[in-house]
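Here is what each chain is made of, one letter per residue.
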Amino acid sequence: MEISVGQKIELEIDNEDLNFGFKKSIIVTWYQKGFPIYVELSMNKSLFLALKKYANGNKSHSSIVSVFRKGRTKYIVEPAIVIVNFQGNKKLSRED
């Protein structure tokens, strides 16, 4: 998966993937309309540096971020809130 100029996507990244240096791609969870999909994200140096900068300020193991590609080499990485949809007719009940 590659992010086009003007595109905004919500991803869940494992911060440990960014600690071992630049890679051409990493596996991320992409949230398409609230449904999680595992994809391989193509990386370039500027995207890697933007994600690494965000992950350095975060002490958790993974981060849910919104990535907006503003230009050819400009990315904006912000925290995101994702609502995950669950399918099925499973009724929740309280057991006493």
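Residues numbered from 1 in each chain as written. Predicted model: local features only at pLDDT ≥ 70, side-chain atom pairs only at ≥ 80, totals over all residues. Heavy atoms only, no water.

Novice: Tell me about the overall build of the protein chain, and name the residues and values.
Specialist: Summing up its helical and strand segments, the protein chain has two helices and five strands in all. Along its sequence from the N terminus, the protein chain presents helices and strands in the succession β-α-β-β-α-β-β. Within the protein chain, the fraction of its 96 residues that count as buried is 30%. Considering only residue pairs separated by 6 or more positions, the protein chain has 52% of its internal contacts joining residues 24 or more positions apart. As presented, the protein chain carries roughly 7,100 Å² of accessible surface, and 52% of it is formed by carbon and sulfur atoms. (Helix = DSSP H or I, 4+ residues; strand = E, 2+ residues; numbered from the N terminus. Buried < 20%, exposed > 50% of the residue type's maximum accessible area, 1.4 Å probe, protein only. Contact = heavy atoms within 4.5 Å. Areas by Shrake-Rupley, 256 points an atom, 1.4 Å probe, with all protein chains shown as cover.)

Novice: For the nonpolar core, give the residues involved together with the corresponding values.
Specialist: Counting residues in hydrophobic clusters, the biggest one holds 20 residues, and the most contacted among them are Leu11, Leu18, Met43, Leu47, Leu51 and Val67. Contributing elements (two or more residues each) for this core: strand E1 (8–14), strand E2 (25–32), strand E3 (35–42), helix H2 (45–56), strand E4 (62–69) and strand E5 (75–79). Per-element accounting of this core gives the leading share, five residues, to H2. With residues near it in sequence (within four places) discarded, Leu47 still touches Ile3, Leu41, Ser42, Val67 and Tyr75. (Core = buried A, V, L, I, M, F, W, Y, C linked by side-chain atoms within 4.5 Å.)

Novice: Please provide a residue-by-residue account of the side chain of Asn15, values included.
Specialist: Turning to its location among the elements, Asn15 is positioned in the loop between E1 and helix H1 (16–19). Its relative accessible area of 6% is what places Asn15 among the buried residues. Among the polar contacts made by the side chain of Asn15, one reaches the main-chain carbonyl oxygen of Ser60 at a distance of 2.8 Å. Separated by 3.1 Å, the side chains of Asn15 and Ser63 make a polar contact. Leaving out residues up to four positions away in the same chain, Asn15 has contacts with Ala55, Asn58, Ser60, His61, Ser62 and Ser63. (Polar contact = N/O pair within 3.5 Å; in protein donor to acceptor, adjacent residues only side chain to side chain.)

Novice: Please provide a residue-by-residue account of the pairing of E3, values included.
Specialist: As defined by bridge partners, E2 adjoins E3 across eight bridges and the pair is classed as antiparallel. Bridge assignment links Trp30 to a residue of E3, and that residue is Ile37. Here E2 folds back onto E3 in antiparallel fashion, the turn holding two residues, of which Lys33 has a positive phi close to 55°. (Pairing = 2+ DSSP bridges.)

Novice: Just give me the short version of the environment of Phe48, but keep the residues and values in it.
Specialist: Assignment of secondary structure puts Phe48 in helix H2. Sequence separation between Phe48 and Lys24 is 24 residues, and the spatial gap between their C-alpha atoms is 9.2 Å. Discounting residues that sit within four places of it in the chain, Phe48 has contacts with Leu18, Gly21, Phe22 and Met43.

Novice: How would you summarise the sheet that holds E2 if you had to cite specific residues and measurements?
Specialist: In space, the five strands of this open sheet follow the order E3-E2-E1-E4-E5, with antiparallel pairing throughout. Every other strand in the sheet has two partners, leaving E3 and E5 as the edge strands with one partner each. Each strand of the sheet is rotated relative to its neighbour by a mean of 40°, with strand direction disregarded. The sheet contact formed by E4 and E5 spans five bridges and is antiparallel. Residue Val65 lies in a different strand from E5, and its bridge partner there is Pro79. The strands touched by H2 are E1, E3, E4 and E5; relative to E5, the strand with the most contacts, the crossing angle is about 25°. (Axes fitted to C-alpha atoms, helices over the stretch in contact; angles between N-to-C directions.)

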